[in-house]
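# Architecture and fold: a report
Below, each chain spelled out in residue letters.
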Amino acid sequence: MTFDDLQAQAKARRLSVLGGFHTDATDDVPEGTKTIVMLGPDEPAFWPAFTSGEEWRSGAPDPMDRWSTRVIGAWAQELSAHPLYPFGGPPFLPFFSWAVRTGRIHVSPIMLLVHDTAGLLVSFRGALALKEEIDLPVAPPSPCESCDDRPCKTACPVGALDGNSYDVPACKNFLASSAGENCMTGGCAARRACPVSQRYPRVPEQSAYHMTIFKG
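Calculation rules
- Residues numbered from 1 in each chain as written.
- Predicted model: local features only at pLDDT ≥ 70, side-chain atom pairs only at ≥ 80, totals over all residues.
- Heavy atoms only, no water.
- Axes fitted to C-alpha atoms, helices over the stretch in contact; angles between N-to-C directions.
- Helix = DSSP H or I, 4+ residues; strand = E, 2+ residues; numbered from the N terminus.
- Left-handed = near helix turned anticlockwise from the far one by under 90°.
- Contact = heavy atoms within 4.5 Å.
- Nonpolar A, V, L, I, M, F, W, Y, C, P; charged D, E, K, R; others polar.
- Core = buried A, V, L, I, M, F, W, Y, C linked by side-chain atoms within 4.5 Å.
- Buried < 20%, exposed > 50% of the residue type's maximum accessible area, 1.4 Å probe, protein only.
- Phe/Tyr/Trp six-rings, centres within 6.5 Å; stacked < 30°, edge-to-face > 60°.
- Lys NZ or Arg CZ within 6 Å of the ring centre and 35° of its normal.

### Here's the deal with the packing of helix α6 (residues 168–175) against helix α9 (residues 204–215)
- Between α6 and α9, the least distance of the axes is 10 Å, while the angle of their chain directions is 120°. α6 and α9 meet at a crossing whose hand is left-handed. For the pair α6 and α9, contact is made by Val168, Cys171, Lys172 and Leu175 and by Met211, Phe214 and Lys215, respectively.
- The class makeup of the residues in the contact of α6 with α9 is five nonpolar, no polar and two charged.

Structural data, given as structure tokens:
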């Protein structure tokens with residue numbers, strides 16, 4: 001099994017391997033795990049595949065989590081791997097620190113994760129704990145290193161993301177107002193301001209869905 005094999009299999013399931021890392025004795029992972037690979041949506045193919053699935057059409061709660069559990073769980077069985085998810089807690093698995101371990105995902109100037117191709121729109125649907133040690137591609141540097149303007153720091157209309165903390169109440173209050181319609185329908189302004197995010201082909205309907213879930 002190679003990294004390219006995994007990526008091809010992920011794309012066939014409308015997912016993408018966002019990065020991976022080799023485990024060590026300090027990692028709290030299933031016994032025998034040698035490689036963790038992080039999985040996110042394959043844009044823009046993910047949203048149409050998800051909304052045509054049984055989980056979305058059923059109208060039951062948490063359709064995206066249930067879709068992820070079904071698709072990644074079945075794939076893990078084929079690979080004799082363990083499926084891992086960023087939901088279902090508490091306790092929650094350390095997806096933030098795992099993401100940073102990949103070297104392809106970094107902490108941005110506004111303290112949110114940023115990916116080399118997804119930018120600040122990076123998100124996770126799950127991970128695979130593999131028993132093999134897979135050769136992983138060399139990770140590129142953080143895109144923030146070459147971003148002089150850092151528009152993410154000033155894009156939030158209410159300054160909820162200042163690089164030191166995230167003022168969640170201010171963010172949610174804004175989203176609940178008429179002024180927050182642009183963020184609700186198009187996605188977080190700070191995330192969209194990232195130059196890498198602007199090249200990432202996520203469909204607006206998906207961003208709007210995530211904002212609806214976040215707003216609660």
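Having put the structure on the table, let's press on.
### Remarks on the nonpolar core
- Core analysis: the biggest nonpolar cluster contains 24 residues, and Leu6, Val17, Trp75, Leu79, Leu128 and Leu130 have the highest contact counts within it.
- Those elements giving two or more residues to this core turn out to be α1 (3–12), β1 (15–22), β2 (35–41), α2 (46–51), α4 (63–79) and β6 (126–130).
- Residues in contact with leucine 130, not counting those within four places in the same chain, are Leu6, Gly32, Thr33, Lys34, Thr35, Val37, Leu79 and Ala81.

### Side note on the packing of aromatic side chains
- For the coordinates displayed, the defined rule picks out 13 aromatic pairs.
- Centroid distance tyrosine 85 to phenylalanine 87: 5.2 Å. Interplanar angle 25°. Geometry classified as stacked.
- Tyrosine 85 gets classed as buried once you look at its relative accessible area, which sits at 15%.
- A ring pair is formed by tyrosine 166 and phenylalanine 214, whose centres lie 6.4 Å apart and whose planes are at 10°; its orientation type is stacked. Remark: phenylalanine 214 occurs in helix α9 and tyrosine 166 occurs in the loop between β6 and α6; sequence separation between them is 48 residues.
- The exposure class assigned to phenylalanine 214 is partly exposed, which follows from its relative accessible area of 28%.
- Connected via pairs of aromatic rings, a cluster forms that spans Phe46, Trp47, Phe50, Trp56, Trp67 and Tyr209.
- Directly above the ring of phenylalanine 214 sits lysine 172, whose terminal nitrogen or CZ lies 5.1 Å from the centroid.

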